[in-house]
Amino acid sequence: MVHHYLAVRRFGEPSLEGVEIAEYLLALDPPLDLAEERPIQVGVVLLTTGTDPKTGKTPYAVVQLRQENLRADSYNIVGFQCHIKYGEQKRILQMIPGLENAEFIRFGQMHRNTYICSPKLLRETLQMRQHPRVLFAGQISGIEGYTEAMATGMIAGMNAARLARGLEPSPPPRESATGSLTFYLANADVKNFQPANTTFALLPAIEPELRKLLKRKADRCHFQTERGLKAFKDWLARIGEHEWSL
Ligand SMILES: Cc1cc2nc3c(=O)[nH]c(=O)nc-3n(C[C@H](O)[C@H](O)[C@H](O)COP(=O)(O)OP(=O)(O)OC[C@H]3O[C@@H](n4cnc5c(N)ncnc54)[C@H](O)[C@@H]3O)c2cc1C
């Protein structure tokens, strides 16, 4: 949808006819926005005000090509998951300057994200409520992203090892980034549960009095980061997992 929109703006192609619009992108970027030419809100395309040194013209947007092999004869276009029909994808992508003669090895597809309803099933230790010797981590537990997958993997692994050693599993502290994720997994709304990335919004809010003193956003982020790191280190020491290095 996004690249079709780019093509529309760049080349004045008037019609969205024949394009299958993925529901996922519709939610982010409704057709109304496209029709009214509001700025694109989806993050995969860099809008730019710079000029192209070769032509002196300002492009509407820039897409990123990522090299895929050592021969440098295969590239993927970052972030172009979509449900657009393959023939349409080829036609539209070849409208991007420089890609007129590109050969397409494979086209964009939407991926399916499968996950359990963690707030119903999991504790903050990532153990199943009903079957505490079964633990979940990674995308299937309702998180999204590389670091989130690693963080929940470490917690589930650590707690599995504690179970095996006859120790009590322990949830990471709520103030830490990892703890805020596992807290979210175990306590989110069951009916509307959606996967989460790590964000500052998942962390506990700063107390109102303190917030008044931390006027700049950067100061508030710094405070939350330091508070989280300290809580995490203290927790590791408290439960005797000293060997982790941060
Ligand atoms: C196109 C795309 C782009 C992304 N970009 C980013 C990004 O830029 N930054 C970011 O942080 N995250 C990104 N993500 C999300 C990130 O990739 C995932 O959140 C993360 O990889 C999940 O890790 P995981 O180990 O939980 O699951 P996966 O990486 O999905 O690993 C699960 C593994 O289990 C295997 N498996 C499945 N079923 C079975 C079975 N029955 N038996 C044995 N093995 C099985 C699978 O083959 C797979 O290897 C992206 C995801 C996609 C699809």
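As the structure is a prediction and not an experimental result, all values here were calculated from the model.

Analysis parameters
Residues numbered from 1 in each chain as written. Predicted model: local features only at pLDDT ≥ 70, side-chain atom pairs only at ≥ 80, totals over all residues. Helix = DSSP H or I, 4+ residues; strand = E, 2+ residues; numbered from the N terminus. Buried ≥ 20, exposed ≤ 12 C-beta atoms within 10 Å, placed from the backbone. Axes fitted to C-alpha atoms, helices over the stretch in contact; angles between N-to-C directions. Parallel < 35°, antiparallel > 145°, perpendicular 65-115°, else oblique. Contact = placed C-beta atoms within 7 Å. Nonpolar A, V, L, I, M, F, W, Y, C, P; charged D, E, K, R; others polar. Core = buried A, V, L, I, M, F, W, Y, C linked by C-beta atoms within 7 Å. pLDDT = per-residue confidence, 0-100.

A few words now on the overall build of the protein. Each helix and strand in the protein was counted, giving nine helices and four strands. Tracing the protein from N to C terminus, the helices and strands come up as α-α-α-β-β-β-β-α-α-α-α-α-α. Counting all 246 residues of the protein, 20% fall into the buried class.

At a closest axis distance of 10 Å, the pairing of helix α6 (residues 146-164) and helix α7 (residues 177-187) adopts a crossing angle of 80°. By the angle class used here, α6 and α7 are roughly perpendicular. For the pair α6 and α7, the contacting residues are Glu-148, Ala-151, Thr-152 and Ile-155 in the first and Thr-178, Leu-181 and Thr-182 in the second. In terms of residue class, the contact of α6 with α7 is built from three nonpolar, three polar and one charged.

This brings us to the environment of Gln-64. One can find Gln-64 in the loop between β2 (61-62) and β3 (65-67). Between the C-alpha atom of Gln-64 and that of Asn-76, which follows or precedes it by 12 residues, the distance is 8.3 Å.

Looking now at the environment of Arg-66. Positionally, Arg-66 belongs in strand β3. On the basis of neighbour counts, which here come to 10 C-beta atoms within 10 Å, the residue Arg-66 falls in the exposed class. Arg-66 sits 10 residues away from Asn-76 along the chain, and the two C-alpha atoms are 5.3 Å apart.

Counting buried positions along α7 yields 10 of 11 residues, so the element is predominantly enclosed. Along α7, the residues classified as buried are Ala-177, Thr-178, Gly-179, Ser-180, Leu-181, Thr-182, Phe-183, Tyr-184, Leu-185 and Ala-186.

It is worth spelling out the nonpolar core at this point. Counting residues in each nonpolar core, the largest one holds 16 residues, and the members touching the most others are Leu-126, Phe-136, Ala-156 and Leu-181. Secondary structure elements with two or more residues in this core: α6 and α7. Among all residues touching Leu-126, those that are not within four sequence positions of it are Leu-135, Phe-136, Ala-137, Ser-141, Thr-152, Ile-155, Ala-156, Asn-159 and Thr-182.

On to the confidence of the model for the protein. Mean pLDDT over the protein stands at 81; residues scoring 70 or higher make up 78%. Element-level mean pLDDT values for the protein span from 36 in helix α2 (residues 23-28) up to 98 in helix α5 (residues 118-121). Confidence drops under a pLDDT of 50 for residues 1-43, and excluding neighbours within four residues, the segment shows 52 contacts in the predicted structure.

Summarising the element assignment, Ile-239 is placed in the segment after α9 (217-238). We classify Ile-239 as partly exposed; it has 15 C-beta atoms within 10 Å.

Time to look at unusual backbone geometry. The phi angle at Ala-72 is positive, at roughly 55°, despite the residue not being glycine. Note on placement: Ala-72 falls in the loop between β3 and β4 (75-77). Here Ala-72 falls in the exposed class, since 8 other C-beta atoms lie within 10 Å of it. The phi dihedral of Leu-126 is positive, around 75°, even though this residue is not glycine. Within the secondary structure, Leu-126 is located in the loop between α5 and α6.

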